[in-house]
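Architecture and fold: a report
Chain by chain, the residues:
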Amino acid sequence: MWGLKLRALRRTVQRAPKWGYALVGLLALLLLTAEVYGSWRALTFLGRYGDIGLNVFARVLEIGLITLSSGVTFSATTAAISTLYLSDDLNFLLAQPLSAVRVFALKVTETFLNAALAPSFSPCRC
């Protein structure tokens with residue numbers, strides 16, 4: 001099963017336009033540069049106000065962490081339901097002479113790749 005999925009991924013990457021990968025890489029580099037520069041400017045600005053500025057920055061980070069954690073939780077739940085129960089190939093895989101444990105392990109791994117790694121590759125998801 002893994003061999004078929006890896007072969008399909010390799011062929012998809014080979015057939016995709018190379019300029020698209022270059023464009024996505026350039027955009028990712030620009031975004032990373034802008035994030036580092038913006039963070040440096042924000043910390044420098046807040047650092048001028050001493051402890052009050054650092055406390056404000058700490059609260060903003062806490063709010064951001066809570067917001068991102070809840071967003072990941074809801075997106076992972078949606079991805080898990082879609083991958084484990086609403087998948088088009090689920091009936092086909094369960095009809096094969098494979099154990100249900102292997103099929104479930106494959107689907108759990110797909111859920112991890114769809115939910116946990118999606119933020120890393122979000123520009124590629126169209």
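What you see is a predicted model, and the numbers here were worked out from it, not measured in a lab.

On to the overall build of the protein chain, then. What the protein chain contains, in helices and strands, is five helices and zero strands. When the elements of the protein chain are put in sequence order from the N terminus, they spell out α-α-α-α-α. The C-alpha radius of gyration computed for the protein chain amounts to 21 Å, which surpasses the reference 14 Å derived for 126 residues by more than 25%, pointing to a less compact arrangement than a globule. Principal-axis analysis of the C-alpha atoms gives the protein chain an extent of 65 × 35 × 20 Å. Counting all 126 residues of the protein chain, 13% fall into the buried class. A separation of at least 24 residues holds for 52% of the contacts in the protein chain among residues at least 6 apart in sequence. About 10,100 Å² of surface is accessible on the protein chain, with carbon and sulfur atoms providing 71% of the total.

Using the residue numbers shown here, the UniProt feature "transmembrane region" (unreviewed entry) corresponds to residues 21-43 and 63-86. Annotation note: span residues 63-86, helix share 92%, strand share 0%, distance between end C-alpha atoms 33 Å.

A separate point is the environment of F74. Relative to the helices and strands, F74 is located in helix α3 (residues 51-84). Judged by its relative accessible area of 61%, F74 is exposed. Here the alpha-carbon distance between F74 and A58, two residues 16 residues apart in the chain, equals 25 Å.

One pass over the structure, following the stated rule, counts two aromatic pairs. For the ring pair Y37 and W40, a centre distance of 6.2 Å and an interplane angle of 35 degrees mean the geometry is tilted. Of this pair, Y37 and W40 both sit in helix α2 (residues 18-47), separated by three residues, roughly a single helical turn. Owing to a relative accessible area of 47%, Y37 belongs among the partly exposed residues under this scheme. Relative accessible area serves as the criterion here: at 52%, W40 is assigned to the exposed category. With a centroid separation of 5.4 Å and an interplanar angle of 75 degrees, the aromatic rings of F45 and Y49 are classed as edge-to-face.

Before going further, it helps to examine a positive patch on the surface. A contiguous patch of positive charge, built from R7, R10, R11 and R15, is present on the exposed surface. In this structure, R7 sits in helix α1 (residues 2-15). A relative accessible area of 40% places R7 in the partly exposed class.

A few words on the packing of α3 against helix α5 (residues 100-115). As a packed pair, α3 and α5 sit with axes 9 Å apart at the nearest point and diverge in direction by 145 degrees. In this structure, the crossing between α3 and α5 has a hand that is right-handed. Of α5, the residues touching α3 (which contributes A76, A79, A80, T83 and L84) are F104, K107, V108, E110, T111, N114 and A115. The residue makeup of the contact of α3 with α5, split by class, is seven nonpolar, three polar and two charged.

What counts and what doesn't
Residues numbered from 1 in each chain as written. Predicted model: local features only at pLDDT ≥ 70, side-chain atom pairs only at ≥ 80, totals over all residues. Heavy atoms only, no water. Helix = DSSP H or I, 4+ residues; strand = E, 2+ residues; numbered from the N terminus. Rg over C-alpha atoms; globule rule 2.2 N^0.38 Å. Buried < 20%, exposed > 50% of the residue type's maximum accessible area, 1.4 Å probe, protein only. Contact = heavy atoms within 4.5 Å. Areas by Shrake-Rupley, 256 points an atom, 1.4 Å probe, with all protein chains shown as cover. UniProt positions renumbered as here; feature names shortened; annotations may be inferred. Phe/Tyr/Trp six-rings, centres within 6.5 Å; stacked < 30°, edge-to-face > 60°. Patch = residues over 30% accessible without salt bridge, like charges linked within 9 Å, V, L, I, M, F, W, Y side chains within 5 Å. Salt bridge = Lys/Arg side-chain N within 4 Å of Asp/Glu carboxyl O. Lys, Arg positive; Asp, Glu negative; His and termini not counted. Charge placed at Lys NZ, Arg CZ, Asp CG, Glu CD. Axes fitted to C-alpha atoms, helices over the stretch in contact; angles between N-to-C directions. Left-handed = near helix turned anticlockwise from the far one by under 90°. Nonpolar A, V, L, I, M, F, W, Y, C, P; charged D, E, K, R; others polar.

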